[in-house]
Amino acid sequence: MTAHNGQHSVIFNATATDYRRAGALGPFLDLMAGNVNNKDKFIAQIQVEIKSIKMNQERWLENMLYELKMQERFDAGEDSERNRTILKLITRAQQRGADHTAVIADLADFYDISKAEAQRYYDQAQLTNSH
């Protein structure tokens, strides 16, 4: 990903615990998982760059704005996926003859939403399925 100032960002999912096939990237993935190895040259360079960003107010602010935008995009995608999942769940429950009241109660309980919000999802699914 390239920022407007030409700075490049690389995004990794560092949730794995086995980096045998990661090669030289292993220490970096460890760093992303919170396991810092300052003896690794590359990691030491990253730590210097992080300190540099934190010391430079303009770069720090730019980085924070970037992080916020990325989080907003992630949240929007997550909400969209959640909506699709809920609507599919309602549709399948209806196809199997599930009781309306039970579907609303289960949605509210499972997704930790109010019954009114669950009803809105149910109504939306009804509209979508009637077309």
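See the structure printed just above.
Residues numbered from 1 in each chain as written. Predicted model: local features only at pLDDT ≥ 70, side-chain atom pairs only at ≥ 80, totals over all residues. Heavy atoms only, no water.

## Quick look at the nonpolar core
- In terms of nonpolar packing, the biggest core is built from 14 residues, with Ile-86, Ile-90, Val-103, Leu-107, Ala-118 and Tyr-121 touching the most fellow members.
- For this core, the secondary-structure elements that each account for two or more residues are helix H3 (57-95), helix H4 (100-111) and helix H5 (115-129).
- Take this core: its biggest share by element is 5 residues, from H4.
- Apart from the residues lying within four places of it in its own chain, the contact partners of Leu-107 are Ile-86, Leu-89, Ile-90, Asp-112, Ile-113 and Ala-118.
- Counting 5 residues, the second-largest nonpolar core is a separate cluster that includes Phe-28, Leu-29, Leu-31 and Ile-43. (Core = buried A, V, L, I, M, F, W, Y, C linked by side-chain atoms within 4.5 Å. Buried < 20%, exposed > 50% of the residue type's maximum accessible area, 1.4 Å probe, protein only. Helix = DSSP H or I, 4+ residues; strand = E, 2+ residues; numbered from the N terminus. Contact = heavy atoms within 4.5 Å.)

## Some words on H5
- Here H5 is 15 residues long and its end C-alpha atoms lie 21 Å apart, about the 21 Å a rise of 1.5 Å per residue gives.
- Here the buried face of H5 lies against H3 and H4. (Expected span 1.5 Å × (residues − 1).)

## Some details on H3
- When the terminal C-alpha atoms of H3 are compared, their 57 Å separation across 39 residues agrees well with the 57 Å that a helix rising 1.5 Å per residue should span.
- Among all positions of H3, only Ile-86, Leu-87, Ile-90, Thr-91 and Ala-93 are buried.
- In the core, the buried residues of H3 are packed alongside H4 and H5.
- For H3, the side-chain oxygen to backbone nitrogen distance between the N-cap and Glu-58 is 3.0 Å, and the N-cap itself is Asn-56. (Polar contact = N/O pair within 3.5 Å; in protein donor to acceptor, adjacent residues only side chain to side chain.)

## Overview of a negative patch on the surface
- Taken together, the side chains of Glu-72, Asp-75, Glu-78 and Asp-79 make up a negatively charged region of the molecular surface.
- Following the sequence through the fold, Glu-72 ends up in helix H3. (Patch = residues over 30% accessible without salt bridge, like charges linked within 9 Å, V, L, I, M, F, W, Y side chains within 5 Å. Areas by Shrake-Rupley, 256 points an atom, 1.4 Å probe, with all protein chains shown as cover. Salt bridge = Lys/Arg side-chain N within 4 Å of Asp/Glu carboxyl O. Lys, Arg positive; Asp, Glu negative; His and termini not counted. Charge placed at Lys NZ, Arg CZ, Asp CG, Glu CD.)

## Quick notes on the side chain of Thr-91
- If you trace the backbone, Thr-91 turns up in helix H3.
- Once residues within four sequence positions are removed from consideration, Thr-91 is found in contact with Ala-125 and Asn-129.

## Looking at a nonpolar patch on the surface
- On the surface, Trp-60, Leu-61, Met-64, Leu-65 and Leu-68 cluster together into a nonpolar patch covering about 460 Å² of accessible area.
- By secondary structure assignment, the location of Leu-68 is in helix H3.
- A relative accessible area of 52% means that Leu-68 is categorised as exposed.

## Notes on unusual backbone geometry
- Positive phi outside glycine occurs at Asp-112, with the angle close to 55 degrees.
- With respect to the helices, strands and loops of the structure, Asp-112 is situated in the loop between H4 and H5.

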